[in-house]
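Here are the chains, one letter per residue:
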Amino acid sequence: MVKLEEVIEGHEDFSDGEPSDNDSNYSTDDSDSEDLEESILERILALRDIIPEDTRESISNKISTIMSLGVRSARLIGNGAWILTTSALLIFMPLAYEIEREHAFDQAYSQMENDQLMGQGGNPYGQPGQPGQQPMPPGQHQSRGALIPPGF
């Protein structure tokens, strides 16, 4: 129990340095320090008595509503992301594969056209023909430093 004592302004207690009865109540003993060492959780739990029951229920309901909306939106976003990625894989990967295949086909076709154009010059050895120049007979090498496969 707490005992209240009225203090008069301007009244100072001049003691001779000896502890009085009131000073002994505020001494630091081991038993008092144990009471002061309470955790934050214990302090928060002690505050629940200050807040009225209906206010606590209102706060609890609002927090649970926010949490449930957060969980629902996270599930919705996750499902949407799953649908988008699987659709992209099923639609765009075959499309990318076909585009790459068509690009490779175009390269092969253009290479074949280049080979045919080179062959039209009249030189059977793959070198473009020049006007007035006779094709080289087999077994002779050109002296221009061009790379010629063996056998030509």
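These figures come from a predicted structure and were not determined experimentally.

The rules behind each value
Residues numbered from 1 in each chain as written. Predicted model: local features only at pLDDT ≥ 70, side-chain atom pairs only at ≥ 80, totals over all residues. Heavy atoms only, no water. pLDDT = per-residue confidence, 0-100. Helix = DSSP H or I, 4+ residues; strand = E, 2+ residues; numbered from the N terminus. Salt bridge = Lys/Arg side-chain N within 4 Å of Asp/Glu carboxyl O. Buried < 20%, exposed > 50% of the residue type's maximum accessible area, 1.4 Å probe, protein only.

For the protein, mean pLDDT is 76; residues scoring 70 or higher make up 62% of the total. Looking across the protein, the model is least confident in helix H1 (residues 21–25), with a mean pLDDT of 51, and most confident in helix H4 (residues 53–119), with 92.

Below, the discussion takes up the pattern of salt bridges. Two side chains with opposite charge may pair up if their charged atoms get near one another. Taken as a whole and assessed by the stated rule, the structure comprises two salt bridges. Measuring nitrogen to oxygen at the nearest pair gives 2.6 Å for the salt bridge that ties arginine 56 to glutamate 53. Within this pair, arginine 56 and its partner glutamate 53 are both found in helix H4, separated by three residues, close to a single helical turn. Residue arginine 56 is classed as partly exposed on the basis of its relative accessible area, which comes to 29%. Where arginine 101 meets glutamate 98, a salt bridge forms, and the shortest distance between an N and an O atom there is 3.5 Å. Here the residue arginine 101 and the residue glutamate 98 both occupy positions in helix H4, the gap between them amounting to three residues, near one helical turn.

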